[in-house]
Each structure stands twice: as structure tokens, then as C-alpha cells.
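Single-letter residue listing:
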Amino acid sequence: MPDATTDFLKGTLDLMVLKTLSWAPAHGYGIARWIEQCTGDVLQVEEGSLYPALHKLEERGLILAEWGITEHNRRAKFYRLTAAGKKQLALSRDYWARFAGAVFKVLETAPTR
Amino acid sequence: MLDPQQTPAPNAQRAATWRRYLRFWGPRAEADVDDELAFHIDMRSREYMERGMTEADARRAATARLGDLAAARTECIAITSRRERRMTRAQLVDAFVQDVRFGWRTLGRQKGWSIVAGVTLALGIGANTAVFSVVNSLLLHPLPYPEAGRIAFVYQEPTEGNSTGMRVFVNPDPELVALWRANARSFEALEPYVSSDQALRASDGTQSTVRSAWVLPSFAAFTGTRPLIGRVFTGDDVAQGGHVVVLSEPFWRSRYGGDSTVLGKSVTLDRKVFTVVGVMPAAYRLPRLSDAVSDVWVPLDLRAKQRGLSVIGRRRPNVTMADAARELNAIYTRSDLAKGDHGEFRTKLSAPSELVSFRQSLVLLSSAVGLVLLIACGNVAHLLLARTAARQRELAIRAALGASRVRIVRQLLTESLLLGLAGCIGGALVGWLGLHALVAMRPDSLPELAEARIDRATLLVTAALAAVTGLVVGALGAMHALRHSAHDALKAGALSLSQTRGQRRLRSLLVVSEMAVSTVLLVGATLLVRSIVHLQTIDPGFDPRGLYAVQVNLPRTTYPTPAARRTFTQQLADRIRTAPGVRAVTIAAGAPPSRSFTIGALQVEGTPDPKPGTTGFVDYNGVSPDFFRTMGIKLLEGTTLTDTTRQARQALVNAGFAKKYWPGQSALGRRFRVVYDGKEEWTTIVGVVADAFTGGLTSEASTPMYYTSGQDLFEPVLIVRAAAGADPIANVRALMTQADASLGPPTISNIESALQRSVAGPRFTMLLLVVFTMLALVLAAVGLYGVMAYAVAQQTREIGIRIALGATRSTIAKTVLRRGVAMAFAGAVVGVLGARWGSKLLENMLYGVQRTDSASFSIGVLVLMLTAVAACLVPMRRAVSVDPLVSIKAD
């Protein structure tokens, strides 16, 4: 369903992934679930782009992957935030906050006649 | 519900380690991505199933939610494999940096050791760098022309009967050169040239002798040179009589102060007027490998039948030397010229490097420095072995702590490569210094040595040598380190025992090899030294002191016939004879050190006629009756020449000639002839003179026969004997100007120093070989010393016990000495065998000494043994001064 909402989400997917990992290391499914739960299932992570996004972040050195075992004794690939990732998260968050604030202002302000 | 806070297990165990190892055998990106995605689908389906879906539905929904699964998978794999490749590289670099840093620290900790090893390598590599830079400049790039690889000298040689022991060049006829240039398709260019001295009179009236070179207009393009100012010749210049001249840059600068108004001025060369049209840069040179540079360039006209042409050509790409020679030869044999020649000539091509006079010496010296490097390698390998032994424990601990063998070997190799790097830098420096010393010491007879440079190719070779040396030496050490298990090494007591056997054998082998190589060099150097001693103490058969050769350059324009030249020379000789400080003057075809040849086959009366067409080269000299008195050549039997006309067909032969053909009998009255077309008359021997090396001390034989020079001297030479202490040069010059003011100053050379010069080349080679041999010997001695010192240090305890048990000091000393001498002797035996084979390289460089000369072999071995004994002295003293009490208590 490639509508405006999902496109808009793509740009923010990285930010949400980084934020999620800032709490604790997680595997891909865990990250997806966390975002869904946080937003009360409003935002459905488009899983087709989640994994490429994760791999790209890993390539950029913002997150680190390692194979580990889940509590159900399953092998899974866990991601965690690197120092560079933490820095990037702070930057993106500020930017996002200002951006969202600006958009919100536009939406809230009515022209005066 | 899954709690994302808990799903990731922060303390998740690491996945099975074998998986990580699997990654070594190729990229695991695909499997990883598949596993990851499968896990995701599993988890999602489980979630759906918990919400009440059937398993099949749940799976389908989970997969559907992933969207375009294949695309995601491909993208992930691409990203991951890219990253992994980069990481592998980064890891390698990282490990390498770590190795280098560690190696550097290790080397730094043992400064003395590292310096000895580094200096040894630098000397070995440096010697090779210096010699290679000469080889590179002289043999690999002998001529400064473009496409040098396709350039060849073109000449002719007799098909048979060359008995001179030298390469004989027959200059091709100008007509033949023209034919070649018109018809040969194997060549892009064929350039004839000739040079000679001319008298130059400038417009201001000053007179000087210049070196003129005659070339065709196309020569400038052939050499890829453009004029500095003005222009080069054109075909029109040649057609109009060629009265134009191009100056060389050095001549222009020294003579005209670099004044560009020189263009258009006229100069007189041998009484002909030429107009200056251009100046060529100093790099514009004749393809002479050793000749002086030309001062002026004049157009060559092939129609003018100028003799003595040399030819150089550039083959077309992909034409072999053999094919090109075949084509030129075919053109020659088809031409009328071939029918006119009595003898048979064959067209030959030679690469410029084949004609480098120093070639054989360079091959010899390259081999010598190669051997020096081998010894240096041996020493460093030995040093590394000793150090690896000392580090056995450190290596064992590292192995026990989990360093893989590969990692340890890599560490050792990195260290030896670091040493190699030090050797490379040091070697480049030593090579640079060495080359400068070599060029500074070069004899006058080898001016081309000054061209040697250290260029990029030389530095590449230096680096390659260093890298190979480092790897070989390091591999030797590493192999040895690996052979001893961590278990053995950690048991301290077993340490000394476990390693001694194999190590001792390897070290002994190294030292014996070094000794063998040194013996080869020692024998070679001794052979050359003895040869030079022979040359310098040999009786030349004449008295060269105060002898001068005066070569008068008589232009063909004013002295067209041999008779005219002869008359002038005779008159000049008469004038000089009466000059103060001159004791005698004679006219000859050639003055020492030079050889003249006549073409044909020598036939002594009473022997069968030689096969027709045999074109041997027979040494002779055309002389006047007073030649022998002037030269100081003793007349042993008979009389000197009595007629000056050649009518009586008289000859004198030397003692060697007489003894060869009439052993035990008198040669007087015997007759011989040099057969060319079979109609020659017999020449009668009227006297026998002592053997005289007028051809130079390095010529194989003295001149065997002397004819009356008669009237037909091609270019007569005056030989002047000055009174003791007198210098007749100024007088001769003045007299010559009196005789004909238009002539340029004559070329006057001191025969004694010219004779010395003929020995200078061989002496230089000897000197270099001696230097390299000394270097090799010192390195080998250091090697032997090192092994002996190490052995004594290892056996301190054993020696202590033996002394305690009553062994006398002299017994101990003998034991040590015996071992050292035994190794040296073993090396000497192998070396003597090697030298017998290797002395082939000296074949044509020895004078008066056989290459199997037993004295040289004995001296070589003796020097080696003495050096070995000297190298054992210090370890011996250390052994006898072992204190039994201290040594037994130690450890």
C-alpha cells in the first residue's frame, strides 16, 4: 500500500530503529513489534524495507549485528546501537522534533483576515 | 504478548563458535540473511497463531506482510556481502599494522642485533644496487635513442678465417648502405655515420682540431632530437654539396659562448667552407658506446663513397634480429658488390648491449655481488635462527595463549620483512654511495660508466631483492620456529637440548655454504689479481718510456694520394728529428697500442696452399727500417729491413712466429705470404726480433710480422722518441704548423700512458672484484664467528664440566678451533669445485694465467682458512676462560 503515509514513514524508519535499539539490543522482529506496540498499532512497519534498512545501518556502522539465542532458545540476529549510532540518533531526533514542530505549526495556524 | 523489552536477550549467549569459523571459507551473507528472514517469519506466524489463525494461514500472512521478499533478500545480501568484503580487508590491514608495530618493537628491543642484521642486508643489497644500476644503464639501455629495444648495429664480418680472437667489423660499402636503405623492409631506419678529426678555422682565424660526425639528414629524426636553435640538415643541403654544419651544444657553448648569432656564420673545416645552420643539444650523440662526443655535424653524402661507415638501424616492430640480418644479407649477396669482394662477408646485426666493452666484466661483477648477497642472506638467516631460538619461549607462550601457527609465522615474516625494508633503504643508500665511488674511480678507458644512474628500475630491483631476501630469510626462521612444539619449549630444561640438533645442523650448513661461496670469490679475485700483476710486470718487448704517437690528419682534398701523404709525413718526420728533445722518429702504419691487420690466409713456404676465399686476419705492422731502433725492439737474428720500397719483399718476424713455424731452426731466409687471391709473391724473412706487445698489453700475442711500409700507408703515424725528461709535444705542434699552416693540430698521445690505459679496464674490474670479495669474506667471517660464539655460549656448561673433569685449556681450545676449521674446510672443498666451474666467467679476462691456475686456487683456500681461524679466535678465548664453578651452578 504505497500511499503517502508509508512514504513518509520510510524516512523516519531509521530514526525509529535507532531509538528502539537505544533501549536494548533487539532482533528485527522485536524492533518491528516494539514500534507497532508503541504506536498502538497505528504505524505498521513495512517489513520489506525494515531488513534492508537494518543492513544499511549496520553498513554505516550505526548498529552492530551479532548472532545470539533468544529466550525461546532460537538463533536470531541481534542488533545493538554503536557509539556512532547513539550520536546519529541524537542528531536525527533533534531534527525530527524541529521538523514535526514546524509541520504542526503549519497545520495549526489559520490565516488571519 | 511479546514484550520487546525482553525479547532481546542482552546477555544472549554467543552463537556456536563453529559458525564463525565457517565464515573463513567464504562469504556467509546469503545464509545469514535467509536465517534472519526465516526467523522473522517464524516469529510473526507464531504471533498470528496466538491470535487464532491456523499454522498455514499464519505463515501465509506473515510472508505476505514482508512484501516483496525476494527483493528485500537480494538487497540485504548485497549490502552485507559488500560490508563483509570491506571488513575482511580492514581486518587484514589491521592485523598487518599490528604485526608491523609488534615487529618494530621487537626489533627495537634488540638494537644491536637489528643493526647487525640491517647493515649486513644493506651491504649485500647495496652492492647489488650499485652493480645493477651500471648494468641497467650500460647493458639494458646503452643508447639514448627512442625504441632502443629495436635498435641494432649493422656490420659485416668474414665468414671464416677470423683468427684474431676479436670481433671483426667490416664496414659496409657506402653503395651497399644505399642499397639497404632503398630496399630493406625489415627496418624503419638505417643510419650510416662516420666521424673523424678535422681542422676547424673559425671566421676570427682561430684554429682547432674538432671531432666531426657525418650523418644523413634523417639521423636527427632517428635519435628523436630537435635542434636547440636553427635547423638540422635537409636533403637539399646534401644535394647542393652539403656545405652546412650543425654545432653540438657543448662546442657551441665553449667556443661561441652560447651566442645564437652564430647561425649563418661560416667556418672552415679542412679548408672547405661551411655555413652554420643549427645547434643540436648535448644529448644528440653518435651511437658510439664509448667514444667522445662530436663537436660538429656535417651532412653525409652516400654518393661521395666515404669509407669507414658504421651503420645503426631500427627494426620494424615484430621483426627479429635474425630475419632482419637475413634480409640485409640477401640484398648484399644479390648485389654486384658481393661479386667484387674476394672474400665472403656475412651481414651481422648486434644489439648495442653486445658491444659494450665492459659487458663481460659486468656479467662477472653481477655474479659476484649476487654471491655477496647470498652470504649476507646466510648471515641474517643465521642471526634470525639464533634469535628464534632465544625467543622459543615467548613464541611458545603466545601459541599457548591461542595465537595460531599462521599468526606466529606471519609475525616472524613481518619482522624479517621489516629487516628487509631496512635493508632496502640502507641498500639504496649504500648503492648510491657505491655507484658514486665506482664512477669516481672509473678509468679513462670506460667513459660510459659516467652514464650510470640509479633510476626507477634500479630502485624497483632493490626493493624486490629486499623483499625476496626478507621472505626467504624469514621463512627459514619461521619454519624452524614451527618445528618445536609449545610443549617442548615450555619445558625449560628441555629447551637447549631439543633445539640444538636440528638448529646446529642448519647453522653449520649455512656457514659451510658461506665459506664455499667465499672460496669461489677468493679464487676468482686471486686469478684476476695474478693476471693484472702479470700484465704490469710483463716485458712489453719495447721501451714505451718517452714514446709519443703523432697522428696527422691529412685532408683528402689537399693530400689526395697515399704518395702525397707519405711525402708530407716524411718531410715532417725529418723536421721533427732535428728538434730539441727528440732522439728518434719513425713512420709506421700503426703506433702502440693498436693492431693492424691484413686480410688473407697466412701460408708458409712448403705448406699446402690455403683454400681459396679464406679471409683470415693477420696481424702485421708496416714499418720503416729504423722502427725497431726507435721503439727499442731487440733484433735477435739477421738484419733490419734494408729497402724502403717494398721491392725486395722483405719482412721481419718476431721470435714467437719463428718458433711456431720453424722450431729449433733459423727463420732467416724462409719465405711466407698472406694469400688473398692466390697470386701473391713470397716475402723473405731477413730478421727475427723480440716479441713486442705493440698491440697493447692485453692483446693475446705480440705483433708477429713487420713489413716495409712502402708508399701505400693509409694513415701514417709518426712515432717519436723523446729524450729523457723532454716533452716534445709543443715542438711537434709548432713544426707541423710550419709545414702546413692549414692543418689542424695533430693528435699526440703518450704511448706509455696509453699502454697503461689498456690495462686500466681489466685492473678496474679486478679492483671491484677484490672489493666485493673482501666484503664477502668479512661477512662470511662474521657468520662463522657468530656460529662459533653461539655454540660456545650454548655449551658453557658442558665446557665447565669438562674443565672440572680435568680437560686442559688447550684441549678445549682445540675442540672449538677444530669445529670452526672443519666447517671452513668443508666450505673450501665445495668452493674449489664451484670455482673450477665458475672461473669460466673469467675465460677471456685472464692474461698470462690459466683459469685453473693452481697457485690462485691455493692462495684462495689459504686466505679462507686463515680468515676462519681468525674468526674462531674470540670464541676460542671465551671457551677457555669458562669458569667451571660459575658455569655449572648457572641455570
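Because the structure is a prediction, the values reported are computed rather than measured.

Trainee: Can you tell me about the pairing of strand 19 (residues 683–689) of chain B, naming the residues and giving the values?
Mentor: All names here are of chain B. The element strand 19 is extensively covered by neighbouring structure, given that 6 of its 7 residues are classed as buried. Pairing of strand 16 (residues 635–638) with strand 19, which is carried by 3 bridges, proceeds in the antiparallel orientation. Looking at the pairing, Gly638 lines up with Gly687 of strand 19. Here strand 17 (residues 650–654) runs beside strand 19; their pairing, made up of 5 bridges, is parallel. Within the sheet, the bridge partner assigned to Asn654 lies in strand 19 and is Val689. Direction of pairing for strand 18 (residues 671–675) relative to strand 19: antiparallel, over a ladder of 2 bridges. Note that in strand 19 the partner of Arg671 across the bridge is Thr684.

Trainee: Hey, could you go over the packing of helix 2 (residues 29–50) of chain B against helix 4 (residues 69–109) of chain B for me, with residue numbers and the actual values?
Mentor: A pair of packed helices can be characterised by two numbers: the angle between their axes and the separation between those axes. All names here are of chain B. At a minimum axis distance of 9 Å, the contact between helix 2 and helix 4 shows a crossing angle of 135°. On the basis of the axis angle, helix 2 is oblique to helix 4. For the crossing formed where helix 2 meets helix 4, the hand is right-handed. Listed contacts from helix 4 to Ala29, Glu30, Val33, Asp34, Leu37 and Ile41 of helix 2 are Leu69, Arg73, Cys76, Ile77, Thr80, Ser81 and Glu84. In terms of residue class, the contact of helix 2 with helix 4 is built from 7 nonpolar, 2 polar and 4 charged.

Trainee: Which residues make up the nonpolar core, and what values do they have?
Mentor: All names here are of chain B. Grouped together as the largest cluster of nonpolar side chains are 98 residues, with contacts concentrated most on Phe358, Phe627, Ile633, Tyr706, Phe772 and Leu784. The contacts of Leu784, once residues within four sequence positions are left out, are Val511, Met515, Gly820, Met823, Ala868, Ala871 and Cys872. Ranked by size, the runner-up nonpolar core spans 42 residues in total, among them Leu190, Val262, Val298 and Ala338.

Trainee: Could you give an account of the interface of chain A and chain B, with specific residues and numbers?
Mentor: Contacts between chain A and chain B engage 35 residues on the former and 38 residues on the latter. For the pair chain A and chain B, the summed buried surface comes to about 3600 Å²; carbon and sulfur atoms form 55% of the total. Run the count over chain A and chain B and you get 12 salt bridges. Note that Glu59 of chain A is salt-bridged to Arg82 of chain B, the shortest N-O span being 2.6 Å. The interface formed by chain A and chain B contains 17 residue pairs in polar contact (both at pLDDT 80 or more). Secondary-structure elements contributing two or more residues to the side of chain A that touches chain B are strand 1 (26–27), helix 2 (28–38), helix 3 (47–59), strand 2 (63–69) and strand 3 (75–81) of chain A. Taken together, the residues of the side of chain A that touches chain B break down into 14 nonpolar, 10 polar and 11 charged.

Trainee: Please set out the sheet that holds strand 2 of chain A residue by residue, giving values where relevant.
Mentor: Residues and elements named next belong to chain A. Pairing within the open sheet is antiparallel, and its 3 strands lie in the order 1-3-2. The sheet terminates laterally at strand 1 and strand 2, the two strands that pair on one side only. In this sheet, strand 3 lies alongside strand 1 in antiparallel orientation, the contact comprising 2 bridges. By the bridge assignment, Ala26 is partnered in strand 3 with Tyr79. On top of the sheet, helix 3 reaches strand 2 and strand 3; it is set at about 55° to strand 3, its chief contact.

Trainee: I'd like a rundown of the pattern of salt bridges, residues and numbers included.
Mentor: Residue and element names in this part refer to chain B. A complete count under the given rule lists 36 salt bridges over all chains for this structure. The salt bridge partner of Arg721 is Asp543, with a shortest N-O separation of 3.9 Å. Of this pair, Arg721 sits in strand 21 (residues 717–722) while Asp543 sits in the loop between helix 17 (492–537) and strand 11 (547–551), placing them 178 residues apart in sequence. Look at Arg721 and you get buried, because its relative accessible area is 6%.

Trainee: Outline helix 10 (residues 321–334) of chain B, supporting the account with residue identities and numerical values.
Mentor: Residues and elements named next belong to chain B. In this model, helix 10 (14 residues) spans 20 Å end to end at C-alpha, consistent with the 20 Å of a helix rising 1.5 Å per residue. Within helix 10, burial applies to Ala324, Ala325, Glu327, Leu328, Ile331 and Tyr332. Down the axis of helix 10, the sector holding all buried residues measures 160°, keeping them to one side. Exposed and oriented more than 90 degrees from the buried face of helix 10 are Arg326 and Arg334.

Trainee: Go over a nonpolar patch on the surface, please, and point to the residues and values.
Mentor: Taken together, the side chains of Tyr95, Phe99, Val103 and Leu107 of chain A present a nonpolar region at the surface, about 410 Å² in accessible area. The residue Leu107 of chain A is located in helix 4 (residues 83–108) in this model.

Each value, and the rule that gives it
- Residues numbered from 1 in each chain as written.
- Chains lettered and ligands numbered in written order.
- Predicted model: local features only at pLDDT ≥ 70, side-chain atom pairs only at ≥ 80, totals over all residues.
- Heavy atoms only, no water.
- Buried < 20%, exposed > 50% of the residue type's maximum accessible area, 1.4 Å probe, protein only.
- Helix = DSSP H or I, 4+ residues; strand = E, 2+ residues; numbered from the N terminus.
- Pairing = 2+ DSSP bridges.
- Axes fitted to C-alpha atoms, helices over the stretch in contact; angles between N-to-C directions.
- Parallel < 35°, antiparallel > 145°, perpendicular 65-115°, else oblique.
- Left-handed = near helix turned anticlockwise from the far one by under 90°.
- Contact = heavy atoms within 4.5 Å.
- Nonpolar A, V, L, I, M, F, W, Y, C, P; charged D, E, K, R; others polar.
- Core = buried A, V, L, I, M, F, W, Y, C linked by side-chain atoms within 4.5 Å.
- Buried area = accessible area lost by both parts, 1.4 Å probe.
- Salt bridge = Lys/Arg side-chain N within 4 Å of Asp/Glu carboxyl O.
- Polar contact = N/O pair within 3.5 Å; in protein donor to acceptor, adjacent residues only side chain to side chain.
- Expected span 1.5 Å × (residues − 1).
- Arc of directions from axis to C-beta.
- Patch = residues over 30% accessible without salt bridge, like charges linked within 9 Å, V, L, I, M, F, W, Y side chains within 5 Å.
- Areas by Shrake-Rupley, 256 points an atom, 1.4 Å probe, with all protein chains shown as cover.

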